[in-house]
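Structure at a glance
The lines below spell out each chain.
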Number of protein chains: 2
Amino acid sequence: MNTKPLAPEILISEVGPRDGLQSVPSIMSTADKCRWIDALVAAGVREIEVASFVPRSLLPQMGDAAEVVQHALRHPGVTVMALVPNRRGAENALKAGVQKLTLPVSASTAHSLANVRKTPLEMVEEVRGIARLRDELAPHVKLEAGISTAFGCTLQGLVPEDEVIALAVQCIAAGADESGLSDTVGYANPAQTRRLFKRLIAELGSHAGAAHMHNTRGLGLANCLAAFEEGVRTFDSSLGGLGGCPYAPGASGNVVTEDLVFMFEAMGVRTGIHLDLIMAAREPLMAGLPHEPIYGMTPQAGLPKGFVQGQSQHAALSA
Amino acid sequence: MNTKPLAPEILISEVGPRDGLQSVPSIMSTADKCRWIDALVAAGVREIEVASFVPRSLLPQMGDAAEVVQHALRHPGVTVMALVPNRRGAENALKAGVQKLTLPVSASTAHSLANVRKTPLEMVEEVRGIARLRDELAPHVKLEAGISTAFGCTLQGLVPEDEVIALAVQCIAAGADESGLSDTVGYANPAQTRRLFKRLIAELGSHAGAAHMHNTRGLGLANCLAAFEEGVRTFDSSLGGLGGCPYAPGASGNVVTEDLVFMFEAMGVRTGIHLDLIMAAREPLMAGLPHEPIYGMTPQAGLPKGFVQGQSQHAALSA
């Protein structure tokens, strides 16, 4: 029960409106997307990946990207982020007023070719081109290069750790402001997560970016914990675990925002996100996607009896 | 691909046949229980809580406890464990030939009274009586006191950490060989798990026992990771996440054995359990309980491509 709230210690970057919506067959209406984004902001979310700037023919779910960005920009204090797969997408995103671009750069050549028909090194050149474009059109906009399949790949299996780190270093050299690591297919384990983020932070310092972990094999929160303990302070997750690669009920892809916020807040790590309100943000999500399964164990179980947010159990006991 | 297997580094204690079966309405036949236990042993499980010695009228699921113990004792190298709520149960368990007894001692007075109609201190006296009985009848048998509601209680809320540790110390002084901590209702977080196990190990040394964590709010594996990093080397879990307090699909109570084994093996921590065979042990479980939901994300998603058990990804890459 703090009278003046302390500054958050970590940033939870909500990817549901992009990564989540892009992965499901249903299409959410623009009005529903805006309601959902408003609810996320009301809960205290400070960074939201709201859309993907790709041709409407490829991803009809993202056909209203510019409108959604326009709406999100009404919220002061929120970083409005969008995924761009290439220079053309970046141009459209910058024209729409996006404040942070994220470009996926796959460490697995097999995945990169299958996904964007470019090798990882060709994607580094894409980063360079987008960074130049950003410098011309909107120099205040941040550019993130997210290294996907950083922990393994369903096509090529193991991804050498040296190559992952080298690729992140090249992305920063090419003009990205930050480079994070994504466990695109849910292969990561906590020991590997520690090793890779330790190296990433050692190499990139303040340019080291987010941990984007998946929960495909149930290790999502354990991996986020390991990354936090190595110094990572930005975590991607998705409300209701929407998106990723769901195999079966309960086997969601993305880490569930609600569970992630609960874990950190219960540990006494301030997220800036209000637990009751982030759970309430499920309502517009479910209303906008009535036929999609929504995950999350904390919302199902409820908060522990006697749990007071902003007051760790330890602090409560010594009070 | 080791030619001679190295010794396991941790002990995963399977509680499904007791904790799991006790929590579901269906009754598994004795023959099915035995088939399931055989499959667990074939996978390399070295400690199994096979039954609970309580009056048949209270828990008909456990009416065949002595028979199941007899069957499990045929497996050399496996510790056959049973839960006993009191001295009478302990007597029956010892007569049946059980090799390790576990007695639940609740740190929450409210929970203790509701559950066994005794206060925590009265339960310490029960430990003393059972330890004496064990010394007379079967001095080689180990006695564990599991401190339940050690991380919080649905009845009283917060449980003071000093009381949890003091209770564990009293149980050891009363004659228990080891005392572990149970997150009976899934309230634990990784910071609290670290604090409590650190204190437990500092106070009890080699008498510090298992981490029995639940996955009610999705933090089960993260809490096991935190406990491991503090030095805990025994973990309770249940095949298919059977048991605990399931609220909804995916929201199982007990930590899922398959996911726990995957996490540790992927980290390069040897469990002694064969991943393919522990997943195969789901077959007799599902056959014996056809109407109960069985959880587990690793079994649903499958092992990562290129994953070789006994060879961490790091080791594979430097080879």
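Residues numbered from 1 in each chain as written. Chains lettered and ligands numbered in written order. Predicted model: local features only at pLDDT ≥ 70, side-chain atom pairs only at ≥ 80, totals over all residues. Heavy atoms only, no water.

Named according to an unreviewed UniProt entry, chain A is Hydroxymethylglutaryl-CoA lyase originating from Acidovorax bellezanensis. The annotation that UniProt attaches to chain A under Sequence similarities (unreviewed entry) is "Belongs to the HMG-CoA lyase family." (UniProt positions renumbered as here; feature names shortened; annotations may be inferred.)

Comments concerning the overall build of chain A
Within chain A one finds 14 helices and eight strands. Taking 20 Å as the expected radius of gyration for a compact globule of 319 residues, we find that chain A reaches 19 Å, a close match to that expectation. When its C-alpha atoms are laid out on the principal axes, chain A stretches across 55 × 40 × 40 Å. Burial statistics for chain A: of 319 residues in total, 60% are counted as buried. Across chain A, 26 positive and 32 negative side-chain charges occur, with their mean positions spaced 2 Å apart. (Helix = DSSP H or I, 4+ residues; strand = E, 2+ residues; numbered from the N terminus. Rg over C-alpha atoms; globule rule 2.2 N^0.38 Å. Buried < 20%, exposed > 50% of the residue type's maximum accessible area, 1.4 Å probe, protein only. Lys, Arg positive; Asp, Glu negative; His and termini not counted. Charge placed at Lys NZ, Arg CZ, Asp CG, Glu CD.)

Thoughts on the sheet that holds strand β1 (residues 11-14) of chain B
Residues and elements named next belong to chain B. Ordered in space as β1-β2-β3-β4-β5-β6-β7-β8, the eight strands form a closed barrel in which the pairing is parallel. Each strand axis lies, on average, 30° off the axis of its neighbour in the sheet, ignoring direction. When strand β7 (residues 208-212) meets strand β8 (residues 234-237), the two strands line up parallel, connected through two bridges. Counted as the bridge partner of A211 is F235 from β8. (Pairing = 2+ DSSP bridges. Axes fitted to C-alpha atoms, helices over the stretch in contact; angles between N-to-C directions.)

Quick word on helix α2 (residues 30-42) of chain B
Residue and element names in this part refer to chain B. With 13 residues, α2 should reach 18 Å at 1.5 Å per residue; the first-to-last C-alpha distance of 18 Å fits that figure. Among all positions of α2, only D32, K33, C34, W36, I37, A39, L40 and V41 are buried. Packed against the buried residues of α2 are β1, α1 (16-23), β2 (47-52), α3 (65-72), α11 (275-280) and α12 (282-288). Just past α2, the residue G44 takes up positive phi, approximately 105°. (Expected span 1.5 Å × (residues − 1). Contact = heavy atoms within 4.5 Å.)

Describing the packing of aromatic side chains
Any two aromatic rings considered together are summarised by their centre-to-centre distance and by the angle between their planes. Using the criterion set out here, one finds eight aromatic pairs over all chains in the structure. Consider the rings of F235 of chain A and F264 of chain A, whose centres lie 5.1 Å apart with planes at 45°: the pair is tilted. On the criterion of sequence distance, the pair formed by F235 of chain A in strand β8 (residues 234-237) and F264 of chain A in helix α10 (residues 257-267) is long-range, its members being 29 residues apart. Per residue, the accessibility class of F235 of chain A equals that of F264 of chain A, and both read buried. On the basis of an interplanar angle of 50° and a centroid distance of 5.5 Å, the ring pair of F262 of chain B and F307 of chain B is categorised as tilted. Placement of the pair is F262 of chain B in helix α10 (residues 257-267) and F307 of chain B in the loop between α13 (297-301) and α14 (313-318), with a sequence separation of 45 residues. On the accessibility criterion, F262 of chain B (0% relative accessible area) is buried. Each member of the aromatic cluster is reached from another via a ring pair, and the members are F228, F235 and F264 of chain A. (Phe/Tyr/Trp six-rings, centres within 6.5 Å; stacked < 30°, edge-to-face > 60°.)

Overview of the packing of helix α6 (residues 120-137) of chain B against helix α7 (residues 161-173) of chain B
All names here are of chain B. Relative orientation of the contacting elements α6 and α7 amounts to 25°, with a least axis distance of 8 Å. If you check the angle between α6 and α7, you find them roughly parallel. For the pair α6 and α7, the sense of crossing is right-handed. Counted together, P120, L121, V124, V127 and R128 of α6 and L167, Q170, C171 and A173 of α7 form the full contact between these two elements. Here the contact of α6 with α7 is composed, by residue class, of seven nonpolar, one polar and one charged. (Parallel < 35°, antiparallel > 145°, perpendicular 65-115°, else oblique. Left-handed = near helix turned anticlockwise from the far one by under 90°. Nonpolar A, V, L, I, M, F, W, Y, C, P; charged D, E, K, R; others polar.)

A short note on the pattern of salt bridges
Pairing between side chains becomes possible if they bear opposite charge and their charged atoms approach one another. Enumeration according to the criterion identifies 36 salt bridges over all chains in this entry. Linking D177 of chain A and R134 of chain A is a salt bridge whose minimum nitrogen-to-oxygen distance equals 2.8 Å. Placement of the pair is D177 of chain A in the loop between α7 (161-173) and β6 (178-182) and R134 of chain A in helix α6 (residues 120-137), with a sequence separation of 43 residues. Residue R134 of chain A is classed as buried on the basis of its relative accessible area of 6%. Ionic pairing is found between E178 of chain B and K100 of chain B, a salt bridge with its closest N-O pair at 3.1 Å. Here E178 of chain B, found in strand β6 (residues 178-182), pairs with K100 of chain B, found in strand β4 (residues 100-106); they are 78 residues apart in sequence, far enough to count as distant. In terms of burial, E178 of chain B and K100 of chain B fall into one category: buried. The structure contains a network of salt bridges with shared partners spanning R194, E229 and E230 of chain A together with R194, E229 and E230 of chain B. (Salt bridge = Lys/Arg side-chain N within 4 Å of Asp/Glu carboxyl O.)

Notes on the sheet that holds β6 of chain A
All names here are of chain A. Strand order in this closed barrel of eight strands is β1-β2-β3-β4-β5-β6-β7-β8, and the pairing throughout is parallel. Along the sheet, successive strands turn relative to each other by an average axial angle of 30°, direction set aside. The pairing of strand β5 (residues 142-148) with β6 spans four bridges and is parallel. When the sheet's bridge partners are listed, I147 is paired in β6 with L181. The sheet strands contacting helix α1 (residues 16-23) are β1 (11-14), β2 (47-52), β3 (79-83), β7 (208-212) and β8, and the helix crosses β2 at an angle near 40°.

Things to note about the environment of K142 of chain A
Residues and elements named next belong to chain A. By the element assignment, K142 lies in strand β5. We classify K142 as partly exposed; its relative accessible area is 43%. The sequence separation of K142 and L101 amounts to 41 residues, and the corresponding C-alpha distance is 6.2 Å.

Quick look at the pairing of strand β4 (residues 100-106) of chain A
All names here are of chain A. In terms of residue burial, β4 counts as a mostly covered element, since six of its seven residues are buried. The sheet contact formed by β3 and β4 spans three bridges and is parallel. When the sheet's bridge partners are listed, M81 is paired in β4 with K100. Note on the crossover from β3 through helix α4 (residues 87-96) to β4: the handedness is right-handed. (Right-handed = clockwise from strand over helix to strand, strands pointing away.)

Re the packing of α2 of chain B against α3 of chain B
Residues and elements named next belong to chain B. The interhelical angle for the contact between α2 and α3, taken along N-to-C directions, is 30°, at an axis separation of 10 Å. The handedness of the crossing between α2 and α3 is right-handed. Across the interface between the two elements, T30, K33, C34, I37 and D38 from α2 touch E67, V68, H71 and A72 from α3.

Some remarks on the environment of V255 of chain A
Residues and elements named next belong to chain A. Assignment of secondary structure puts V255 in the loop between β8 and α10. For the pair V255 and G240, spaced 15 residues apart in sequence, the C-alpha to C-alpha distance is 8.6 Å. Excluding residues that lie within four positions of it along the chain, V255 makes contacts with M213, H214, N215, G220, L221, C224, D236, S237, S238, G241 and L260.

A look at the pairing of β8 of chain B
Residue and element names in this part refer to chain B. A two-sided burial pattern is seen for β8, the buried positions comprising T234 and D236 on one face and F235 and S237 on the other. Here β1 runs beside β8; their pairing, made up of four bridges, is parallel. Paired with E14 across the strands is S237, a residue of β8. The parallel pair β7 and β8, bridged by helix α9 (residues 220-229), forms a crossover whose chirality is right-handed.

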